[in-house]
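Coordinate analysis (summary)
So you can see what is in the structure, the chains are spelled out below.
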Amino acid sequence: MARAKVVHRCRACGAQSASWLGRCPGCDEWNTLELVESPTPLQSVSVIASRVAPIGAIESPPTVAVPTAVPEIDRALGGGLHRGSVTLLGGPPGIGKSTLLLQLAAQVAEHRGTVLYVSAEESPSQVRHRAERLGCLHERLLVASDTDLDAVTAVLEREVPEVAVVDSVQTVADASLPSAAGSVVQVRHVALHLSRVAKRLGITLVLVGHVTKDGVLAGPRVLEHLVDTVLSFEGDRTGDLRLLRAVKHRFGPTSEVGLFEMTAAGLASVVDASGRFLADRRTGQSGSLVTPTMEGQRPMLVEVQALVAPNEGGSPRRSAQGIDGARLAMLLAVLDRRAGLSTAALDVYVSVAGGARAAEPAADLAIALAVASSATDVALPGGLVALGEIGLAGELRRVGELDRRLLEAKRLGFDTAAVPAGSDVDEPPGIRLQRCSDLSDAVCNFLPLD
Ligand code: TYD
Ligand code: MG
């Protein structure tokens, strides 16, 4: 017999949960879940159950990644956009989402087929103006400017493009809903509706979603589970560098990163990432050290900079840019207890130059050595790179992909690498390996400590 199921529904975003939760998993709001009776009778469960099949007998047609002809986008996506998939491109306002997608649209129009760019934020003439500047005029690139969901749906149904871009999901709204455009209810409804239309018509859909600086705004967070792929476009707005990351990807890896530079002629792919990050480096100064990090499959040399300064009263400051703050605190504690170098009463600033990141544990040794170098005001050798995860006992742990990291260091002209003693790698020609057993050993090798 059909029986109503007890569920809890969020007042703000409509997400459902079987049990009551203080914080809504859909939109992160507090105390918004309310007890309701689900209109879905349990009877429907048996209908689904009758379709159960052994896993090996289920047909699964291969999904095809279609290259977009923008190499750095294809790299981030592990090949390209999957036909008929829905992708959300999230990022803060002004980071370059519209620029990136206009460039993508022009490339797809050139190489694949019709692209419909629905601009719900700018007029068609503004889009044309930008496209002209970017060299993106193409006869198969169609532009519509609409904010009404029904109108956007109608144009998708009429044109049935290969790829459709909707910029942005926060500015399109369904007039029949009482809430305002950009509200959680509207954003979810618009995204769900457009996804269904796109899947029905076989259109590859890209939605733009704005996020605030800390990435928590209603938009993208509540949409993540509705779409196949979530791309995040990040970077320091004041700098030129932009990173495109797959945060969720139903069809491929989420470790790859696309790198771009914002130029006067739009976004340019960064081919030599290491060269880009080290371009402004000044050698011979204390507190600076280069480390080869991995961004997905790509080794990338970044410069870690540390500044240890006297504290002017009050509690000592710790500032971490491009690395994790908690990791820095741990490394300072290990430096203190295991290498006899205390910064307890000093301000410590650590930053990865050029807006890059050194977020993996393999960067530990470079961070610790840069701090030690600044604290002693002794410059580390200009041709040195360092790699190694530091444990709480001060021990150095091996890192993955050491060969590829060392090759990249050699390519950029580095001649010495400080690596964990246990590293299972032969010395590559042209680069000397300084095997260090622990942090204290590494510090003593390169800095004169009493
Ligand atoms: P935009 O794509 O409009 O950002 P979003 O859609 O994420 O809000 O890009 C905005 C910034 O990019 C703007 O500040 C100007 C800059 N820009 C360039 O530097 N060069 C260019 O060729 C273009 C089109 C934009
Ligand atoms: Mg925009």
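Calculation notes
- Residues numbered from 1 in each chain as written.
- Chains lettered and ligands numbered in written order.
- Predicted model: local features only at pLDDT ≥ 70, side-chain atom pairs only at ≥ 80, totals over all residues.
- Heavy atoms only, no water.
- Phe/Tyr/Trp six-rings, centres within 6.5 Å; stacked < 30°, edge-to-face > 60°.
- Helix = DSSP H or I, 4+ residues; strand = E, 2+ residues; numbered from the N terminus.
- Buried < 20%, exposed > 50% of the residue type's maximum accessible area, 1.4 Å probe, protein only.
- Domains from an automatic or database assignment.
- Contact = heavy atoms within 4.5 Å.
- Buried area = accessible area lost by both parts, 1.4 Å probe.
- Salt bridge = Lys/Arg side-chain N within 4 Å of Asp/Glu carboxyl O.
- Polar contact = N/O pair within 3.5 Å; in protein donor to acceptor, adjacent residues only side chain to side chain.
- Nonpolar A, V, L, I, M, F, W, Y, C, P; charged D, E, K, R; others polar.
- Pairing = 2+ DSSP bridges.
- Axes fitted to C-alpha atoms, helices over the stretch in contact; angles between N-to-C directions.
- Near = heavy atom within 4 Å.
- Arc of directions from axis to C-beta.

Here's the deal with the packing of aromatic side chains
Using the criterion set out here, one finds one aromatic pair in the structure. Between Phe-233 and Phe-260, the ring centres sit 6.0 Å apart and the planes meet at 80 degrees, which makes this aromatic pair edge-to-face. In this pair, Phe-233 is assigned in strand 11 (residues 229-234) and Phe-260 in strand 13 (residues 257-263), connecting sequence segments 27 residues apart. A single burial state applies to Phe-233 and to Phe-260, both of which are buried.

So, the domain arrangement of the protein chain
As assigned here, the protein chain comprises domain 1 (2-41), domain 2 (65-271) and domain 3 (276-446). Taking only C-alpha atoms into account, the centre of domain 2 sits 37 Å from that of domain 3. Each partner contributes residues to the interface: domain 2 has 13 residues there, and domain 3 has ten residues. Note on domain 2 versus domain 3: buried area summed over both sides is about 930 Å², and carbon and sulfur give 47% of it. Together, Leu-241, Arg-245 and Glu-256 form the three largest contributors to the area buried by domain 2 at its contact with domain 3, with a combined 42%. Here domain 2 and domain 3 share three salt bridges between them. Arg-276 is the partner of Glu-261 in a salt bridge, and the nearest nitrogen-oxygen pair spans 3.0 Å. There are four residue pairs in polar contact (both at pLDDT 80 or more) connecting domain 2 and domain 3. At the level of secondary structure, the elements contributing two or more residues to the side of domain 2 that touches domain 3 comprise helix 2 (71-77), strand 12 (241-249) and strand 13. At four residues, strand 13 tops the list of elements feeding residues into the side of domain 2 that touches domain 3. Each residue belonging to the side of domain 2 that touches domain 3 can be placed in one class, and the counts come to five nonpolar, two polar and six charged.

A closer look at the sheet that holds strand 12
Hydrogen bonding along the main chain pairs the strands of a sheet, whether they run parallel or antiparallel. A sheet is described by the order of its strands in space; here nine strands give the open sequence 8-7-9-10-6-11-12-13-14, paired in mixed fashion. With partners counted over all chains shown, the strands left at the sheet margins are strand 8 (141-144) and strand 14 (266-269), one partner each. Taking the axes of each pair of neighbouring strands and ignoring which way they run, one obtains an average angle of 25 degrees across the sheet. Pairing geometry for strand 7 (residues 115-119) and strand 9 (residues 163-167), over five bridges, is parallel. Along strand 9, the bridge assignment pairs Val-115 with Val-163.

Let's talk about the site of ligand 1
Inspection of the region around ligand 1 gives 16 residues, with Gly-94, Lys-97, Ser-98, Thr-99 and Thr-263 positioned closest. Contacts to ligand 1 include Ala-264, whose backbone N or O atom sits 3.2 Å from an oxygen atom. Residue assignment for the shell around ligand 1 shows that the elements contributing at least two residues are helix 3 (97-111), helix 4 (124-134) and strand 13. Looking at side-chain class alone, the shell around ligand 1 contains seven nonpolar, six polar and three charged residues.

Quick look at helix 5 (residues 149-159)
Owing to its 3.6 residues per turn, the α-helix aligns residues three or four sequence positions apart on the same side. Inspection of helix 5 places Leu-149, Val-152, Thr-153, Val-155 and Leu-156 among the buried residues, and these make up the whole buried set. Burial along helix 5 is one-sided: seen end-on, the buried residues are contained in an arc of 165 degrees. Its buried side turned inward, helix 5 meets strand 7, strand 9 and helix 6 (184-201). Phi turns positive one or two residues past the end of helix 5, at Val-160, with a value near 35 degrees.

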